[in-house]
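# Structure assessment
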Amino acid sequence: MLTFFRRITHLIRSSRAQRDLTQELEHHRAMRQEHLEAAGMTQGEAEIAARRALGNITLAREDARAIWMPPRLESVWQDVSYTVKTIRRGPAFASVVVLILSIGIGATTCVFGLLDGLALRTLPVREPDQLVWFKDPSFSYPIFTELHARSDRLFSGLFAWNIDRRNVGWSAGAEGTDVTLATGAFYSTLGVAAARGRTFDEGDDGPGGGPDGRVAVISDAAWARRFNRDPSIIGKRISIDRLPFTIIGVMPPGFFGVAPGLSPELTVPVTAIAEPAALRSPTSAWLHLMGRLAPGVTIDKGNAALATVWPAVMEATTWEGQPPERRARYLARTTSLQPGRAGYSRVRNQFVESLWLLFALTGLLLAVACASVANLLLARADARRKELALRLAIGASRGRVIRQLLTEAAVWTAMGATGGVLLASVAGRALVTLLSTFEDPIALDMAVTGRPMIFTLALSIATAAATALVPALRATRNPSPGLTARGGLAILRGWTMAKSFVSVQVALTVLLLAGAALFTRSLLLILSQDAGFERNRIAIITTDPVGSGYREERLAMYYSDLLENVSRLPGVQSAALSWMPPISNELGYWTQSIAVDGADVPVSKSRYVYFNAISPGYLDTVRIRLLRGRNFTDADSASAPKVTLINASLAREYFGESNPVGRRISVGKSASRKDLEIVGVVQDVKYQRLQETTRSIAFLPCAQLGEFMTGTNLVTVARASEGVNGSDTTLAAVRSIDPRVPVRIETVADRIRESLVKERSLAVLAVTLGVAALILACGGLYGLIAYSVSRRTKEIGILLALGANPRSVLTMIVRESMTLAAAGTIVGIGASLALGRFARTLLFQVSPTDAVSIVAAAGLMLLVALGAALLPARRAAGVDPSVALRAE
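Residues numbered from 1 in each chain as written. Predicted model: local features only at pLDDT ≥ 70, side-chain atom pairs only at ≥ 80, totals over all residues. Heavy atoms only, no water.

### Topic: the overall build of the chain
Formally: Helix and strand definitions follow DSSP, with helices as H or I runs of at least four residues and strands as E runs of at least two, each counted in order from the N terminus. Note on classification: 1.4 Å probe, protein chains only; a residue is buried when its accessible area is under 20% of the maximum for its type, exposed when over 50%, partly exposed between these limits. Contact between two residues is taken to exist if any of their heavy atoms lie within 4.5 Å; hydrogens are not considered.
Each helix and strand counted, the chain has 30 helices and 23 strands in total. Across the 888 residues in the chain, those meeting the buried criterion constitute 50%. Long-range contacts, defined here as pairs at least 24 residues apart, represent 80% of the contacts in the chain between residues at least 6 apart.

Printed below as a string of structure tokens:
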């Protein structure tokens, strides 16, 4: 190792070493000459004898350098030095090459970094390969407790967890914060210790907490952000949903939990904060399960053992009075163990398929960039053919010349990789922002380190080889023409390799443009869906009075005051309450089975209906049209007869063509929801997302559902002539009721945008990659044609001097150019038809072989290619024959 560093030092300080060596050899020669003069020789005779005795000075220098530095490594350093000098002499060419490579490498590295963070990177825990998660993905707390009691031999540790947004009272005030709710074995199973204080265990996981009361562990980021890394953080008190918690530990930097892409600031024992009803109900599936396999247990063995335990778990968690059909469905529910080394994340589940496709698209962009650079290097090698031929003629081996050309490409690629890393760092943060929503803000470190850095290094080596090898081999294939040729006649006609690269660029670009067209058209079709309600001028005000301690009469009074304050705002035309806002997205849903007129619905009918709880005025506020019957009124109070509204799809499915108004339904098995009279039918509306199929939906009055007016948060919707989202006036009106209650104000358009984050991101990124490829491909075509024209100036001048029409010259060049573009376009269309099936699941009402999208992509490619060919063609048609004939 010491020798290696000495050689590197010599390589860096080679000029000084050479100077010192020359002085030392001269000193030896002078001393020898003095000794000979002292022996009686004349000065001239002594000098000649001294030089003869010392031998070949140049050879001595070479031998000394060989000891300091291996000749092969020194020659590589010389090639690098020569490349740097050529870059200084021609910075424009190098800048173009580096920019193209930076775009290709940067885009691919950026997407790989996001993919690595969400799907490939292992959890920062002890022995992550032993972790497993249960597929389904959500389970009830009773299922967890039964499984925990029956699986001691299968798991060395088992825990349940969920991430929920809670109202957290920090030192600076209350704020909605993502909190991990986990059972007591969370940290012990993962094998992670606190950086400060301690983590909680099963003794802390009980109603009301453990010996230290309710405890919480915070992340390193929360410690820095919320408490400025206060060293006395252990023992500080915070509140979560108005309940007091004591901070007992701070986790080490880099630990985010078990959900890649999410980074909750707090982790608390689940039973210390969860509602008792949620802990008792076997049908309330809200927890994810993870475990660590016992020593010697593999996933296959674990699944075999789980298959014997699971039926008993399901049998033990059934309940009395369960209808036979529902009991059968419950007992038929199964699960399996999945590798948990990378954790489990709903963010990953949402985006991983799109990211793999996006990674493939960036690979295509990199291929386009490589083809562009290869063409540039072919042109550069052709321009240097006399220089390269001379090197070969005077004795340089072909391998030595190829190595020099490859070294040049490696230097440019290294510079491009550096630019790509910088681009990936910036683009990575932008990509995370693009994919983030309020419900799921993505938290990932997009620094190019670790595996992304190794990936970039490997990618750079492959890129250098792919772009430089073919031009280097072609340039050194035959030295004779380089010494004898005196013109550039008919280069494009015979330059098949360059034409092949251009055609490949065009084909890949058509493929990328077709993908961009498909995803864009899919997004536009989603946005064009009839939502069934007003999209514009509807504000959604989300508050959390329940988390702030409001219950029953105080909660009802809070919502009454909230509606009154919002209704008085300037421009507000109406306001109402609902449990689920228009486009609920990731907020969840409420489904239950129904019975019609006291009789169960036939099995052939849909068994479940989607429900929403609303206040009078909701339909008018969001502009849902009433088709039959009447709307809810203030008379539909808790003491009034129970009523419901249904949508047209539910009416058709359960009542056919008959009028359902006046008929009665029962919801589930709750006594409070028996014998509800249908008082109206409304038009079909979207429930969670615009792209969903039409669902059967029923609306119930909030006032007739006790839990919705005594212990459940509702949202307020307001229709206004002017925007009310986020204005100071609106915030002041809401916070004037109670400033401790968290408030979020958004519009229906905001909710639609968040619900389409995956589709919108795919469309935006596919268009960006398609445009970048289009620029590179057309730049490559333009460069090839322009270079060919400059090399064929004399031929063109002769044609014009002999009477050729400038228009015919222009037509000839454009025809030649468009032949290349057309060939690549045909191949690209075929590739689009063949590979489009991989994007089928990501498209909405658009076929992967959609003719409109593919034809539009091909047409755009040919149109831009025509523009790229016309510029050099017009320049060629305007050549002055006399000037061209005098030119060398």
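### Some details on a nonpolar patch on the surface
As a reminder, the rule being used: For patch detection, residues must exceed 30% relative accessible area and be free of salt bridges, and they are connected within 9 Å for like charges or within 5 Å for nonpolar side chains (Val, Leu, Ile, Met, Phe, Trp, Tyr). All accessible areas in this document rest on Shrake-Rupley with a 1.4 Å probe, and a residue is counted as covered only by the protein chains that are shown. Here, a salt bridge means any Lys or Arg side-chain nitrogen found within 4 Å of an Asp or Glu carboxyl oxygen.
Taken together, the side chains of Val 767, Val 771 and Ile 775 make up a nonpolar region of the molecular surface, amounting to roughly 240 Å² of accessible area. Classification of Ile 775 as exposed rests on a relative accessible area of 57%.

### Quick word on the side chain of Asp 636
Short version of the rule: Any N or O atom pair separated by 3.5 Å or less is treated as a polar contact, with the protein-specific requirement of one donor-capable and one acceptor-capable atom, and with residues adjacent in sequence counted only for side-chain atom pairs.
With respect to the helices, strands and loops of the structure, Asp 636 is situated in the loop between strand 17 (626-629) and strand 18 (643-647). By relative accessible area, which is 7% here, Asp 636 ends up buried. Side chain to side chain, Asp 636 and Arg 630 meet in a polar contact 3.1 Å long. A polar contact is formed between the side chain of Asp 636 and the backbone nitrogen of Thr 633, at a distance of 3.0 Å. The contact partners of Asp 636, leaving out residues within four places of it in the chain, are Arg 630, Asn 631, Val 643, Pro 701, Ala 703 and Gln 704.

### Re the environment of Asn 647
Following the sequence through the fold, Asn 647 ends up in strand 18. Residues Asn 647 and Gly 680, 33 residues apart in the sequence, show an inter-C-alpha distance of 8.5 Å. At 3.1 Å, the side chain of Asn 647 forms a polar contact with the side chain of Asp 684. Within polar-contact distance, the side chain of Asn 647 engages the backbone oxygen of Arg 695 at 2.8 Å.

### Notes on the pattern of salt bridges
A complete count under the given rule lists 30 salt bridges for this structure. The partner of Glu 265 in a salt bridge is Arg 225, with the nearest N and O atoms 3.5 Å apart. With Glu 265 in the loop between strand 7 (243-250) and strand 8 (266-269) and Arg 225 in helix 9 (residues 220-227), the pair connects residues that are 40 residues apart, well separated along the chain. Ionic contacts of the salt-bridge type, sharing partners, join the residues Glu 175, Arg 225, Arg 226 and Glu 265 into one network.

### Description of the packing of aromatic side chains
The relative placement of two aromatic rings is captured by the distance of their centres and the angle of their planes. How we decide: Ring pairs are drawn from Phe, Tyr and Trp, using the six-membered ring of Trp, whenever the two centres fall within 6.5 Å, and their geometry is named by plane angle: stacked under 30 degrees, edge-to-face over 60, tilted for the rest. Charge-over-ring contacts are defined here by two conditions on Lys NZ or Arg CZ: a distance within 6 Å of the ring centre and an angle within 35 degrees of the ring normal.
Throughout the structure, instances matching the rule amount to 21 aromatic pairs. Plain terms: the ring middles of Phe 186 and Tyr 187 are 4.9 Å apart, the flat faces sit at 80° to each other, and that makes the pair edge-to-face. For the residue pair Phe 186 and Tyr 187, the accessibility class agrees, reading buried in each case. Considering the side-chain rings of Trp 356 and Phe 359, the 6.2 Å spacing of their centres and the 75° angle between planes classify their relative orientation as edge-to-face. Note that Trp 356 and Phe 359 are positioned in helix 13 (residues 346-383) at a spacing of 3 residues, about one turn of the helix. The ring centre of Tyr 550 lies 4.2 Å from the NZ or CZ of Arg 554, which sits over that ring.

### Quick word on the nonpolar core
Heads up, the condition is: Residue types Ala, Val, Leu, Ile, Met, Phe, Trp, Tyr and Cys, when buried and joined through side-chain atoms within 4.5 Å, form a set referred to as a nonpolar core.
With 149 residues, the main nonpolar core has Trp 161, Phe 186, Leu 190 and Phe 519 as its most contacted residues. With 12 residues, the top contributor of residues to this core is helix 13. One finds Trp 223, Leu 266, Leu 279 and Trp 310 within the second-largest nonpolar core, a separate group that totals 47 residues.

### Some remarks on helix 28 (residues 806-835)
Applied cut-off: Take the residue count of a helix, subtract one, and multiply by 1.5 Å to get its expected span.
With 30 residues, helix 28 should reach 44 Å at 1.5 Å per residue; the first-to-last C-alpha distance of 43 Å fits that figure. Turning to helix 28, its buried residues are Val 809, Ile 813, Val 814, Glu 816, Ser 817, Met 818, Leu 820, Ala 821, Gly 824, Thr 825, Gly 828 and Ser 832.

### Here's the deal with the packing of helix 6 (residues 91-120) against helix 15 (residues 398-435)
To be explicit about the condition: Note on geometry: axes are C-alpha line fits, over the in-contact stretch for helices, and angles between N-to-C directions span 0 to 180 degrees. For classification purposes, angles smaller than 35 degrees are called roughly parallel, those larger than 145 roughly antiparallel, those between 65 and 115 roughly perpendicular, and all remaining angles oblique. For any helix crossing, the convention is left-handed if the near helix is rotated counterclockwise from the far helix by under a right angle, and right-handed if that rotation is clockwise. Just so you know the grouping, Ala, Val, Leu, Ile, Met, Phe, Trp, Tyr, Cys and Pro go in nonpolar, Asp, Glu, Lys and Arg go in charged, and all remaining residues, Gly too, go in polar.
Across the interface, helix 6 lies against helix 15 with an axial gap of 6 Å and an inter-helix angle of 45°. Overall, the two elements helix 6 and helix 15 adopt an arrangement that is oblique. In this structure, helix 6 crosses over helix 15, and the sense of that crossing is right-handed. Its residues assigned to classes, the contact of helix 6 with helix 15 shows 18 nonpolar, 8 polar and no charged.

### Focus: the pairing of strand 12 (residues 572-578)
Defined as follows: By this definition, two strands are paired if DSSP reports at least two bridges between them.
Taking burial as the measure, the 7 residues of strand 12 include 6 buried ones, the bulk of the element. Note: strand 12 against strand 22 (residues 715-720), 6 bridges, orientation antiparallel. From the neighbouring strand, Ser 574 faces strand 22, where its bridge partner is Arg 719.

### Quick look at the confidence of the model for the chain
Close reading of the predicted structure is inappropriate where its pLDDT is low. Spelled out, the test is: pLDDT runs from 0 to 100 and stands for how confident the predictor is about each residue.
Residue-level pLDDT values for the chain average 83, and 85% of them are 70 or greater. In this model, residues 482-492 is a region of pLDDT below 50 whose contacts with residues beyond four sequence positions or in other chains number 28 contacts.

### Structural notes on the side chain of Glu 534
Rules: For the purpose of counting charges, residues Lys and Arg are taken to be positive, whereas Asp and Glu are taken to be negative. His and the chain ends are not included.
Summarising the element assignment, Glu 534 is placed in the loop between helix 19 (496-527) and strand 11 (538-543). Buried charge without a partner: Glu 534 forms no salt bridge, and the closest opposite charge is Arg 623, 4.7 Å away. A polar side-chain atom of Glu 534 sits 3.3 Å from the main-chain amide nitrogen of Asn 536.

### Let's talk about helix 7 (residues 141-150)
For helix 7, the full list of buried residues reads Tyr 141, Pro 142, Ile 143, Phe 144 and Leu 147. Looking at the packing, one finds that the buried side of helix 7 touches strand 1 (131-134), strand 2 (155-170), helix 10 (276-280), strand 9 (288-293), helix 11 (299-316) and helix 12 (324-331).

### Details of the packing of helix 7 against helix 11
Two elements in contact, helix 7 and helix 11, have axes separated by 9 Å at closest approach and are oriented at 135°. As summarised for this structure, helix 7 and helix 11 are arranged oblique, according to the angle between their axes. With respect to the hand of their crossing, helix 7 and helix 11 are arranged in right-handed fashion. Judged by residue contacts, Ile 143, Glu 146, Leu 147 and Arg 150 of helix 7 engage Leu 306, Val 309, Trp 310, Ala 312, Val 313, Met 314 and Ala 316 from helix 11. Split into classes, the residues belonging to the contact of helix 7 with helix 11 amount to 9 nonpolar, no polar and 2 charged.

### Description of the pairing of strand 23 (residues 743-747)
The element strand 23 is largely enclosed, with a buried count of 5 among its 5 residues. The alternating pattern of strand 23 places Val 743, Ile 745 and Thr 747 and Arg 744 and Glu 746 on opposite faces, both of which are buried. Here strand 11 runs beside strand 23; their pairing, made up of 5 bridges, is antiparallel. Bridging across to strand 23, Thr 543 finds its partner in Val 743.

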